[in-house]
Amino acid sequence: MNKLFFFTLQALSRYKPNGPMRFIIAIVLGTLMFQASPLQLPRDAVVRTRWNFERTTLENAFDHTREKRSVQGSEQQTNIRIVRIYHHYHYFLQVSKGGKVGGTKDIKGNVYFRMETYGTSLVRLYNIAAKLYIAINKRGVVITEKSKTDKSLFQYSVNGGFVRFSLAKYKRDTWLLTLKKNGKVKNARRTNPNMKATIFLLF
């Protein structure tokens, strides 16, 4: 391609063609320069790159907005209740000494929680033995924290004696605290209110 380009350029300078011929050679040179350019991207690649950039920018902005959103009344504690939280799959909710949340059938485990009420139907679950709050991070993973944050504030709902705990931070999404059949916690992003596995009993 480069040899053809320089050969055409040499012919143009040596033979000095007339007007129409000069115009044709100029078109050929322009075409060769366009095809030989190492920076030229296919049109669909340019569109894909631009679309991916815009989508990533919007997603980052959305996550940032959600992460910074606060919950009103989250620091106005109104009541404390000591409870054990019994799951639909016959496990007691517990927090291990290492800070791992899960289920256990041992009633002597770390199964006692201080359920702190904040305003209307807002609670935090503080494990007394582990001295940690149950929380859910932005990826839906159930974690524990030493201090109070909006990730540890749950919407507390009661239906027929059964209770559910959904993360209050993301009101447009229903991220529920729940366990699997093996007693391990389930990612909150994969839950919905119609799942029986999201219900608990308080003792």
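Residues numbered from 1 in each chain as written. Predicted model: local features only at pLDDT ≥ 70, side-chain atom pairs only at ≥ 80, totals over all residues. Heavy atoms only, no water.

### Re the overall build of the protein chain
Now for step 1: Per the secondary structure count, the protein chain includes three helices and ten strands.
Now for step 2: Written out in order from the N terminus, the α and β elements of the protein chain read α-α-α-β-β-β-β-β-β-β-β-β-β.
Now for step 3: In the protein chain, buried positions account for 36% of the 203 residues.
Now for step 4: Sequence separation of 24 or more characterises 53% of the internal contacts of the protein chain that already satisfy a separation of 6 or more.
Now for step 5: Accessible surface, the protein chain as shown: approximately 13400 Å² in total, 56% of it carbon and sulfur. (Helix = DSSP H or I, 4+ residues; strand = E, 2+ residues; numbered from the N terminus. Buried < 20%, exposed > 50% of the residue type's maximum accessible area, 1.4 Å probe, protein only. Contact = heavy atoms within 4.5 Å. Areas by Shrake-Rupley, 256 points an atom, 1.4 Å probe, with all protein chains shown as cover.)

### Digging into the packing of aromatic side chains
Now for step 1: Under the counting rule described, the total for this entry stands at six aromatic pairs.
Now for step 2: When the ring of Tyr 156 is compared with that of Phe 165, the centres are 5.8 Å apart and the planes differ by 35°; the resulting orientation is tilted.
Now for step 3: The class of Tyr 156 is buried, set by a relative accessible area of 19%.
Now for step 4: Ring-pair connections join several aromatic residues into one group, and the members of that group are Tyr 86, Phe 92 and Phe 203.
Now for step 5: Residue placement shows Lys 105 over the ring face of Tyr 91; its charged tip is 5.1 Å from the ring centre.
Now for step 6: Positioned above the aromatic ring of Tyr 118 is the side chain of Arg 124, whose terminal nitrogen or guanidinium carbon lies 4.7 Å from the ring centre. (Phe/Tyr/Trp six-rings, centres within 6.5 Å; stacked < 30°, edge-to-face > 60°. Lys NZ or Arg CZ within 6 Å of the ring centre and 35° of its normal.)

### Focus: the side chain of Thr 191
Now for step 1: Structurally, Thr 191 can be placed in the loop between β9 (162–167) and β10 (200–202).
Now for step 2: Separated by 3.0 Å, the side chain of Thr 191 and the backbone nitrogen of Leu 176 make a polar contact.
Now for step 3: Within the structure, Thr 191 has its side chain in polar contact with the backbone oxygen of Ala 188 (distance 2.7 Å).
Now for step 4: Those residues in contact with Thr 191 that sit more than four places away from it in its chain are Thr 174, Trp 175, Leu 176, Thr 178, Lys 186 and Thr 198. (Polar contact = N/O pair within 3.5 Å; in protein donor to acceptor, adjacent residues only side chain to side chain.)

### Regarding the nonpolar core
Side chains of nonpolar character tend, in soluble globular proteins, to be buried together.
Now for step 1: Ranked by size, the top nonpolar core spans 27 residues in total, and within it Ile 85, Ile 134, Phe 165 and Leu 177 carry the most contacts.
Now for step 2: Of all the secondary-structure elements, those providing two or more residues to this core are β1 (77–87), β2 (92–95), β4 (112–118), β5 (122–127), β6 (132–136), β8 (154–159), β9 and β10.
Now for step 3: If near-sequence neighbours (up to four positions away) are discounted, Leu 177 is found in contact with Leu 93, Leu 125, Ile 134, Val 142, Phe 154, Phe 165, Thr 198 and Phe 200. (Core = buried A, V, L, I, M, F, W, Y, C linked by side-chain atoms within 4.5 Å.)

### Quick word on a positive patch on the surface
Now for step 1: Together, Lys 100, Lys 180, Lys 184, Arg 189 and Arg 190 give the surface a local cluster of positive charge.
Now for step 2: Following the sequence through the fold, Lys 180 ends up in the loop between β9 and β10. (Patch = residues over 30% accessible without salt bridge, like charges linked within 9 Å, V, L, I, M, F, W, Y side chains within 5 Å. Salt bridge = Lys/Arg side-chain N within 4 Å of Asp/Glu carboxyl O. Lys, Arg positive; Asp, Glu negative; His and termini not counted. Charge placed at Lys NZ, Arg CZ, Asp CG, Glu CD.)

### Quick notes on the environment of Tyr 133
Now for step 1: Mapped onto the fold, Tyr 133 is located in strand β6.
Now for step 2: When its relative accessible area of 4% is taken as the criterion, Tyr 133 is described as buried.
Now for step 3: It is 6.4 Å that separates the C-alpha atoms of Tyr 133 and Ser 152, two residues lying 19 residues apart in sequence.
Now for step 4: Not counting residues up to four positions away in its chain, the partners in contact with Tyr 133 are Arg 114, Glu 116, Arg 124, Leu 125, Tyr 126, Ile 143, Thr 144, Glu 145, Lys 146, Ser 147, Lys 148 and Ser 152.

### Quick look at a nonpolar patch on the surface
Now for step 1: A surface patch of nonpolar side chains, about 360 Å² in accessible area, is lined by Ile 80, Ile 82, Tyr 112 and Ile 128.
Now for step 2: Note that Ile 82 resides in strand β1.

### Quick notes on the environment of Gly 102
Now for step 1: Positionally, Gly 102 belongs in strand β3 (residues 101–104).
Now for step 2: Sequence separation between Gly 102 and Thr 178 is 76 residues, and the spatial gap between their C-alpha atoms is 9.2 Å.
Now for step 3: Those residues in contact with Gly 102, other than ones at most four positions away along the chain, are Phe 92, Leu 93, Gln 94, Leu 179, Gly 183 and Val 185.

### Considering the pattern of salt bridges
Now for step 1: Evaluated as defined, the whole model comprises four salt bridges.
Now for step 2: With a shortest N-O distance of 2.7 Å, Glu 116 and Arg 114 are connected by a salt bridge.
Now for step 3: According to the relative accessible area criterion, Glu 116 is buried, its value standing at 1%.
Now for step 4: The exposure class of Arg 114 is partly exposed, given its relative accessible area of 26%.
Now for step 5: Taking the shortest distance from any N to any O, the salt bridge between Lys 151 and Glu 145 comes out at 3.2 Å. Taken individually, Lys 151 and Glu 145 each receive the classification buried, so the pair is uniform in this respect.
Now for step 6: If you follow the salt bridges from partner to partner, you end up with Arg 114, Glu 116 and Lys 148 in one network.

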